[in-house]
Amino acid sequence: MKRVFLPALFAGLLSLCACAQETRQPDAPPQPAETVPAAAAETAEPERPASAAPLQSAEPEPSGEDGGLQVKTLALDTPFLFLPQDGGEAVECRLVERVANEWEYRICLLTAAGEFPLLESYSAFEDARIVSFPEGGSVLILTADEASDDYFTRCYMLIDAAPECRAELFGLAGDVEADGTVPVSRAVNLLGTWGAARRHMLSADGTLLPAPDSMWEMFSERAVVTAAALPAELLTDGAWQAVTLEPGTALYPTATDDEGLLLFSLENGQSGRLTFTREDYSIRIGGVPEEELFEELFYAG
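Quick caveat, the model's predicted, so the values are computed rather than measured. (Residues numbered from 1 in each chain as written. Predicted model: local features only at pLDDT ≥ 70, side-chain atom pairs only at ≥ 80, totals over all residues. Heavy atoms only, no water.)

Using the criterion set out here, one finds 10 salt bridges in the structure. For Arg94, the salt bridge is made with Asp77, and the minimal N-O distance between the two is 3.1 Å. Of this pair, Arg94 sits in strand β4 (residues 91–99) while Asp77 is found in the loop between β2 (70–74) and β3 (80–82), placing the two residues 17 residues apart along the sequence. What makes Arg94 buried here is its relative accessible area of 3%. Overall, the relative accessible area of 33% leaves Asp77 in the partly exposed class. (Salt bridge = Lys/Arg side-chain N within 4 Å of Asp/Glu carboxyl O. Helix = DSSP H or I, 4+ residues; strand = E, 2+ residues; numbered from the N terminus. Buried < 20%, exposed > 50% of the residue type's maximum accessible area, 1.4 Å probe, protein only.)

We now examine the confidence of the model for the protein chain. Mean pLDDT over the protein chain stands at 83; residues scoring 70 or higher make up 78%. Averaged over each element, pLDDT in the protein chain is lowest for helix α1 (residues 9–19) (49) and highest for strand β21 (residues 271–275) (98). Contacts for the low-pLDDT stretch residues 18–66, under 50 throughout, to residues beyond four places or in other chains number 78 contacts. (pLDDT = per-residue confidence, 0-100. Contact = heavy atoms within 4.5 Å.)

Spatially, β3-β4-β5-β6 is the arrangement adopted by the four strands of the open sheet, whose pairing is antiparallel. Edge strands, defined here as strands with exactly one partner in the open sheet, are β3 and β6 (114–120). When the angles between neighbouring strand axes are averaged without regard to direction, this sheet yields 40 degrees. Where strand β5 (residues 105–111) and β6 come together, six bridges link them in antiparallel fashion. Of the residues in β6, the one forming a bridge with Cys108 is Pro117. (Pairing = 2+ DSSP bridges. Axes fitted to C-alpha atoms, helices over the stretch in contact; angles between N-to-C directions.)

Looking at the secondary structure, you find Leu119 in strand β6. When the C-alpha atoms of Leu119 and Leu109 are compared, they prove to be 9.6 Å apart, with 10 residues separating the residues in sequence. The contacts of Leu119, once residues within four sequence positions are left out, are Tyr105, Arg106, Ile107, Phe125, Leu142, Ala144, Phe152 and Arg154.

The structure is reproduced here in structure tokens:
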């Protein structure tokens, strides 16, 4: 088996995560899709302000649906209201970007109490949103690109007049829905690199955790082909049955918890699953390294 590293693969996978509207269901037979290399795009370096204007009075936040969350997308150097966790009066704030040196920038929260760094060591600032809960308190969600589409997201709450990070995760956070659901997309490295998305739940305490019973839904339509006998389970007549897949069997990964379970489908549409472990940065199935069980595995690198 040959492990192949594709530098351009990761950017294409995350673009697929953002654009996909539906995922292939395990019981529907997938068809391999022709891979089209993505052309590299050149982007100009955005202007970065070295300082912010004085804080001005903030307008009241727009109202959402009665009893629901209120979500507002924020721009840099624009005033907004941040509701503290203790239910006190809203604090007038703005986000500013500071130049640390030629290569480093910081996103800071500017309030009457001072200036607080929130993000640093990133290559591009993606977006910011303030989410206010009907029971009181706001959560500030920030997403940035660390380097080459390596996105990360942080959630802050205002506690004792200062921002406190309550959640940090690797991935690009999507729109916040009325019930607090937030889709998060990122790459999954399992039998190769795959674009994937998973439902998360934003809570009033600022945490952003995977939704119950959710998994990372994998969008790519390519198959991995077994190079040796592979222990797995297939769904037959509504029950899981242990099987050994023969060499040359094509598997289409569909979802994973990224902790030990992978769902897949066969070319005939039959659903399957297998368990795996991570040992010293290696994926093992039945104690055997993945590279000994499959033909080419395409990893971004």
